[in-house]
Amino acid sequence: MSGQCVFCRIIRGEIPSEKVYEDERALAFLDIHPSTPGHTLVIPKTHVSRIEDLSEEDASALFRVLHRLVGRIQSAVGAPASTIGINNGQESGQEVPHIHIHVIPRSRSDRGGIIQGIARPQRHIGREELSQIAERIREHTADLS
Ligand code: 5GP
Ligand code: ZN
């Protein structure tokens, strides 16, 4: 928990929110400025900024809650689909430094776009560069296997 963090304050009940689900490790509540009806934020109760800072236990718990909630949120608001995303770090547009998963119910008429549209490459990235990038990432993940 962090004293000034707005989401920690929501967890503690110091700031009102429309909570839709809560368990020992996670909380889900409606975004105060929803992109669409039912726009929900799913957060861990532990104060960390980014997904890579989560413990494996909290990461699992968060994804488990997401998995259980998404279909139910869609049903509740009559949406056939949703976009799910995390602004992970300030440079990606993250404003609240307490990791949160956005669940944004979607429909064909919502005038939105696709998640790949949030950034555009400055130049074409060809097959050779793809291979080089993949190799660099494999080097950085070698410790995992
Ligand atoms: P991000 O950090 O990913 O850019 O987005 C933060 C989100 O938190 C925004 O969509 C914003 O509307 C939402 N938000 C910020 N402050 C509050 C608050 O006090 N209550 C609720 N329910 N949502 C908030
Ligand atoms: Zn916090």
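For the structure, see preceding data.
Just so we're clear, the structure is a prediction, and the values are computed from it rather than from any experiment. (Residues numbered from 1 in each chain as written. Chains lettered and ligands numbered in written order. Predicted model: local features only at pLDDT ≥ 70, side-chain atom pairs only at ≥ 80, totals over all residues. Heavy atoms only, no water.)

**Q** Run through the packing of aromatic side chains, naming residues and quoting values.
**A** Taken as a whole, this structure holds 1 aromatic pair when the rule is applied. On the basis of an interplanar angle of 80° and a centroid distance of 5.3 Å, the ring pair of F7 and F29 is categorised as edge-to-face. Separated by 22 residues along the polypeptide, F7 in helix α1 (residues 6-12) and F29 in strand β2 (residues 26-30) bring together distant segments of the chain. For the pair formed by F7 and F29, the shared burial category is buried. (Phe/Tyr/Trp six-rings, centres within 6.5 Å; stacked < 30°, edge-to-face > 60°. Helix = DSSP H or I, 4+ residues; strand = E, 2+ residues; numbered from the N terminus. Buried < 20%, exposed > 50% of the residue type's maximum accessible area, 1.4 Å probe, protein only.)

**Q** I'd love a proper account of the environment of I86, names of residues and values included.
**A** Relative to the helices and strands, I86 is located in the loop between β4 (81-85) and β5 (101-106). Considering only alpha carbons, one finds I86 and Y21, 65 residues apart in sequence, at a separation of 19 Å. Excluding its chain neighbours within four sequence positions, the residues that come into contact with I86 are I51, I99, H100 and I101. (Contact = heavy atoms within 4.5 Å.)

**Q** How would you explain the pairing of strand β1 (residues 19-22) if you had to name every residue and give the values?
**A** With 3 bridges joining them, β1 and β2 adopt antiparallel strand pairing. Pairing of K19 across the sheet is with F29, part of β2. Linkage of β1 to β2, two consecutive antiparallel strands, is achieved through a turn of 3 residues. (Pairing = 2+ DSSP bridges.)

**Q** Give a detailed account of the coordination of the zinc ion (ligand 2), specifying residues and quantitative values.
**A** For the zinc ion (ligand 2), the protein coordination sphere consists of C5 (SG), C8 (SG), H47 (ND1) and H98 (ND1), at 2.1 to 2.3 Å. Taken together, the 4 donor atoms surrounding the zinc ion (ligand 2) define angles of 106 to 118° at the centre, an arrangement classified as tetrahedral. Sequence spacing among the residues donating to the zinc ion (ligand 2) works out to C-x2-C-x38-H-x50-H. With C5 in the segment before α1 and H98 in the loop between β4 and β5, this pair connects stretches of sequence that are 93 residues apart. Both residues of the pair, C5 and H98, count as buried. (Donors = N, O, S within 2.8 Å, 3.2 Å for Na, K, Ca; no water. Tetrahedral: all angles 85-135°; square planar, octahedral: opposite > 155°, others 65-115°.)

**Q** Please provide a residue-by-residue account of helix α2 (residues 56-77), values included.
**A** In this model α2 runs 31 Å from its N-terminal to its C-terminal C-alpha over 22 residues, within 8% of the 32 Å that 1.5 Å per residue would give. Of all the bends in α2, the greatest measures close to 35° and is centred on L69. Residues D58, A61, L62, V65, L66, L69, V70, I73 and Q74 constitute the buried set of α2. Those residues of α2 that are buried lie in contact with β1, β2, β3 (40-44), β4 and β5. Downstream of α2 by a residue or two, G78 has a phi angle that is positive, lying close to 70°. (Expected span 1.5 Å × (residues − 1). Bend = angle between axes of the 7 residues up to and from the residue.)

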